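These are the residues of each chain, in order.
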Amino acid sequence: MAEETRGICVRDVPAKAFIAAYAEHLKNSDKFELPVWADLVKTSVANELAPYGDDWYYIRAASIARKVYLRPGVGVGQLRKWYGGNYRRGTKTEHFRKANAGIIRSVLLQLEEMKVTEKLENGGRQMTRVGQQDLDRIAGSVFHDTEE
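Residues numbered from 1 in each chain as written. Predicted model: local features only at pLDDT ≥ 70, side-chain atom pairs only at ≥ 80, totals over all residues. Heavy atoms only, no water.

**Focus on the overall build of the protein**
No. 1: The secondary structure content of the protein amounts to 5 helices and 4 strands.
No. 2: In sequence order, the secondary structure elements of the protein are arranged as α-α-α-β-β-α-β-β-α.
No. 3: Principal-axis analysis of the C-alpha atoms places the extent of the protein at approximately 65 × 35 × 30 Å.
No. 4: Expressed as a percentage of the 148 residues in the protein, the buried residues total 39%.
No. 5: Look at the contacts in the protein between residues 6 or more apart in sequence, and 62% of them connect residues 24 or more apart.
No. 6: Of the roughly 9,600 Å² of accessible surface on the protein, a fraction of 49% belongs to carbon and sulfur atoms. (Helix = DSSP H or I, 4+ residues; strand = E, 2+ residues; numbered from the N terminus. Buried < 20%, exposed > 50% of the residue type's maximum accessible area, 1.4 Å probe, protein only. Contact = heavy atoms within 4.5 Å. Areas by Shrake-Rupley, 256 points an atom, 1.4 Å probe, with all protein chains shown as cover.)

**Describing the pattern of salt bridges**
No. 1: Under the definition given, this model contains 4 salt bridges.
No. 2: A salt bridge links Lys27 to Asp55, with the shortest nitrogen-to-oxygen separation between them at 3.7 Å. Taken together, the residues span a long stretch of sequence, with Lys27 in helix α1 (residues 15-28) and Asp55 in the loop between α1 and α2 (56-70) at a distance of 28 residues.
No. 3: A relative accessible area of 39% means that Lys27 is categorised as partly exposed.
No. 4: The exposure class of Asp55 is partly exposed, given its relative accessible area of 26%.
No. 5: For Arg137, the salt bridge goes to Asp134, with nearest N and O atoms at 2.3 Å. You can see Arg137 and its partner Asp134 sitting in helix α5 (residues 129-147), 3 residues apart, about one turn around the helix. (Salt bridge = Lys/Arg side-chain N within 4 Å of Asp/Glu carboxyl O.)

**A word on the packing of α2 against helix α3 (residues 76-83)**
No. 1: The interhelical angle for the contact between α2 and α3, taken along N-to-C directions, is 120 degrees, at an axis separation of 12 Å. As summarised for this structure, α2 and α3 are arranged oblique, according to the angle between their axes. When the axes of α2 and α3 are compared, the crossing they make is right-handed. Between α2, through Arg60, Ser63, Ile64 and Lys67, and α3, the contact on the second element is made entirely by Leu79, Trp82 and Tyr83.
No. 2: Across the contact of α2 with α3, the residue classes break down as 4 nonpolar, 1 polar and 2 charged. (Axes fitted to C-alpha atoms, helices over the stretch in contact; angles between N-to-C directions. Parallel < 35°, antiparallel > 145°, perpendicular 65-115°, else oblique. Left-handed = near helix turned anticlockwise from the far one by under 90°. Nonpolar A, V, L, I, M, F, W, Y, C, P; charged D, E, K, R; others polar.)

**A look at the side chain of Ser29**
No. 1: If you trace the backbone, Ser29 turns up in the loop between α1 and α2.
No. 2: Separated by 3.2 Å, the side chain of Ser29 and the backbone nitrogen of Lys31 make a polar contact. (Polar contact = N/O pair within 3.5 Å; in protein donor to acceptor, adjacent residues only side chain to side chain.)

**Description of α5**
No. 1: Taking 1.5 Å of rise per residue, 19 residues should cover 27 Å, and α5 covers 27 Å from first to last C-alpha, within 8% of that figure.
No. 2: Buried within α5 we find Gly131, Asp134, Leu135, Asp136, Ile138, Ala139, Gly140 and Val142.
No. 3: Contacts from the buried residues of α5 go to α1, α2 and β4 (125-127). (Expected span 1.5 Å × (residues − 1).)

Okay, structure coming up:
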């Protein structure tokens, strides 16, 4: 019996490999721009320093796009909780703190301008048809690269 050819989606590839490939795609895209404040901000109250990498913003954007793909209807609040972490206060007990909402919101707005995501009427975001095809195409290329 002949082997069926099926489409590869984002769920079929490892998250780390997909995020790296999509971040590279966003970096090479002239529609997605790095904000001027990207080298000055921390990603959360819980962090002491800003991220070290030059392309951390693209990696975060790729990760957010993947989250919206996998969980349609996710909003800024849920993403803040997902990217948050423990606020270490020295000898006192740790407390959970949410991530910076401005970074997440700016990424989602840029993804909307690229027509990758769209707002839902009851809140949250979902992938557009074009965005889903774009992410599936990149997932397919990652899948075939890891297969070889």
